[in-house]
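# Structure at a glance
These are the residues of each chain, in order.
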Amino acid sequence: MDSIHVLILFTRAMLGGTEIAVSRTAANLDPSRFNVSVTSLDAYGPLDDFLVENNLRAYSHLGHGIRYRSLVQTVRRIRDLLVTEEIDVVYVFGLTAEIVTLMARVGCKRTSVIVSGQRGGYAGRSLRGMLRGLVANACEVIAFNSQAAMQAAVAYNGFSKSKSRVIYNGVQSSIPSDDSKQNHSLVDSLLGSCGINGHDEQIVVTIANIHPPKDYPTLLHAARMVIDHYPDVRFIAVGHDS
């Protein structure tokens, strides 16, 4: 049985929870069944170092900075890649990458496209959400990591229910002892910088990029409600403003 050639394509080479989870999953797939490559439209970013550390095969960056190069050139390069590498499946993250991939795969009958619809309904009905729905509906599969996200995207912005699938995030059941010790050290350092003794207080920590899809206003509203009843609880939000 021939292996399935999979290309995972991100719009940006940032390193968030999605990029880490997807790349780690790719690294653990059976190489006799899946030939997986990961790349982005960015010229360079933190994702590159992570790919090297995890021994993931990565193509040279397709867009080489799409914001500064011709869209036609980028589409042509992706199309050449789909044909020459005989890519069976492209798993795409980000609206820009979705659009150029759909343009590139015209006529490539062997290539199926899966898109992440996760942000399709987070802010209710919107022009961007409806555009994402139109683009996603042109693909074979739209993947969500929760029923709530899928239902919101379908209800608000016209995502195809028949093409939508829920693939829940995995859970790492065990952490190597060295990583566990390092994590405890990092947490203690973080709490100390906030003037918090983590062993004696009730603490809620969220670690994620700080941008609209994470819906921080809801988190802050919930934190206010909790603190009104339990004033000793401390909340910490850690993340990069993207």
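This text goes with the structure placed above it.
Residues numbered from 1 in each chain as written. Predicted model: local features only at pLDDT ≥ 70, side-chain atom pairs only at ≥ 80, totals over all residues. Heavy atoms only, no water.

## Some details on the overall build of the protein
Broken down by element type, the protein carries eight helices and eight strands. Buried positions account for 36% of the 242 residues belonging to the protein. Of all intrachain contacts in the protein linking residues separated by at least 6 positions in sequence, the fraction that spans at least 24 positions is 64%. Roughly 14,600 Å² of accessible area belongs to the protein as shown, and the carbon and sulfur atoms make up 55% of that amount. (Helix = DSSP H or I, 4+ residues; strand = E, 2+ residues; numbered from the N terminus. Buried < 20%, exposed > 50% of the residue type's maximum accessible area, 1.4 Å probe, protein only. Contact = heavy atoms within 4.5 Å. Areas by Shrake-Rupley, 256 points an atom, 1.4 Å probe, with all protein chains shown as cover.)

## Notes on the packing of helix H4 (residues 95-104) against helix H5 (residues 127-136)
Relative orientation of the contacting elements H4 and H5 amounts to 35°, with a least axis distance of 10 Å. Taken as a pair, H4 and H5 cross one another with a handedness that is left-handed. Every residue of H5 that contacts H4 at Leu95, Glu98, Ile99 and Leu102 is listed here: Arg128, Leu131, Arg132 and Val135. Residue composition of the contact of H4 with H5, by class: five nonpolar, no polar and three charged. (Axes fitted to C-alpha atoms, helices over the stretch in contact; angles between N-to-C directions. Left-handed = near helix turned anticlockwise from the far one by under 90°. Nonpolar A, V, L, I, M, F, W, Y, C, P; charged D, E, K, R; others polar.)

## Concerning unusual backbone geometry
A positive phi angle, close to 50°, is found at glutamate 86, a residue other than glycine. Its location among the elements puts glutamate 86 in the loop between helix H3 (71-84) and strand S3 (89-93). Here glutamate 86 falls in the partly exposed class, since its relative accessible area comes to 43%.

## Considering the sheet that holds strand S4 (residues 112-116)
Through backbone hydrogen bonds, the strands of a sheet pair up, either in parallel or in antiparallel fashion. Here six strands make up an open sheet; going across it, the order is S2-S1-S3-S4-S5-S6 and the pairing parallel. Both edges of this open sheet fall to strand S2 (34-40) and strand S6 (164-166), since each of them pairs with a single strand only. Strand-to-strand twist of the sheet, defined as the mean angle between neighbouring strand axes without regard to direction, takes the value 25°. (Pairing = 2+ DSSP bridges.)

## A look at the nonpolar core
Ranked by size, the top nonpolar core spans 29 residues in total, and within it Leu9, Leu41, Ile78, Leu82, Val90, Val115 and Phe144 carry the most contacts. The set of elements that each furnish at least two residues to this core consists of strand S1 (4-10), H3, S3, H4, S4, H5, strand S5 (141-144) and helix H6 (147-157). Counting residues per element, this core draws most heavily on H4, which supplies five residues. Not counting residues up to four positions away in its chain, the partners in contact with leucine 82 are Ile87, Val90, Ala104, Arg105, Cys108 and Thr111. Core analysis: the second largest hydrophobic core is formed by 13 residues, Ile8, Val36, Val38 and Leu51 among them. (Core = buried A, V, L, I, M, F, W, Y, C linked by side-chain atoms within 4.5 Å.)

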